[in-house]
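So you can see what is in the structure, the chains are spelled out below.
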Amino acid sequence: MPIVQLKPHENAFYALARKIVKELEVIVLCEGRTDAEVLKAIIKKLELPDINMGVTDCEGVPAIREITSYIATLSQISKKIKVIGVIIDADEYDYEQRARSVMNSLKSSGVPVKELNAVDENLFDIKNGKFPILILVSGIRDLPLKAIL
C-alpha cells in the first residue's frame, strides 16, 4: 500500500484546512480564473463590509465539482462558514441542469444535501442543513448564435 506523506506546512494543506474550519465565513468556488478575477474586482469596487471570504479558481468543470465536495465536507465542522458559493458556466446545459449536476456531485460524495431551489433564473440554493450552497450558473441562453463545429 502506498503511503502519502502529508507535510501540511510545505503543501499548505494545514493552512488551508485551518482557514476553512476556523476563519472563513464565505467560500466562493469559481469554475475559471476569469470568473474569480471578475468576482474579486466587483467585491473590491463595491467596498463590501469586512467578511472573511475565500475565492478560488477551480480550473474547470470536473475540478469544481470535486473541490466543491471537499470544501463542503470540510466546512461541516466549521462554526464560521455561513455560505458556500459556486460560479459555473452553463455551457450547453440549461441553468437548472447545471446546478443539479453540482448537487448530484455533492450527493455522490456523501455531502448531506437535501433539495435544490431556484432563487432566480440562474441562481440556485442547495439546502444541506448547516449552511446554504449557492450556485450561480453563468451564461446567456437567449443569444441567437449557432455553435460552430
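Here, the structure is the one placed above.
A few points on the structure. The shown structure was predicted, so the numbers you read here are calculated from the model rather than taken from an experiment.

Criteria and thresholds
Residues numbered from 1 in each chain as written. Predicted model: local features only at pLDDT ≥ 70, side-chain atom pairs only at ≥ 80, totals over all residues. Heavy atoms only, no water. Pairing = 2+ DSSP bridges. Helix = DSSP H or I, 4+ residues; strand = E, 2+ residues; numbered from the N terminus. Axes fitted to C-alpha atoms, helices over the stretch in contact; angles between N-to-C directions. Contact = heavy atoms within 4.5 Å. Salt bridge = Lys/Arg side-chain N within 4 Å of Asp/Glu carboxyl O.

**Some words on the sheet that holds strand S1 (residues 26-30)**
In step 1: Read across the sheet, 6 strands follow the order S2-S1-S3-S6-S5-S4 without closing on themselves; strand pairing throughout is mixed. Each edge of the sheet is formed by a strand with only one pairing partner; in this case those strands are strand S2 (53-57) and strand S4 (115-120). Between one strand axis and the next, the sheet turns through 20° on average, direction left out of account.
In step 2: Pairing of S1 with strand S3 (residues 83-89), which is carried by 5 bridges, proceeds in the parallel orientation. Paired with Leu 29 across the two strands is Val 86, which belongs to S3.
In step 3: Most of the contacts of helix H5 (residues 95-108) go to strand S6 (residues 133-138), to which it runs at about 140°, and overall it touches S3, S4, strand S5 (123-127) and S6.

**Focus on the pattern of salt bridges**
In step 1: Evaluation of the coordinates by the stated rule reveals 6 salt bridges.
In step 2: Here Lys 82 ties to Glu 25 by a salt bridge, and the two come within 2.5 Å at their closest N and O atoms. Remark: Glu 25 occurs in the loop between helix H2 (13-23) and S1 and Lys 82 occurs in the loop between helix H4 (61-75) and S3; sequence separation between them is 57 residues.
In step 3: A salt bridge links Glu 37 to Lys 40; the nearest nitrogen and oxygen atoms lie 3.2 Å apart.

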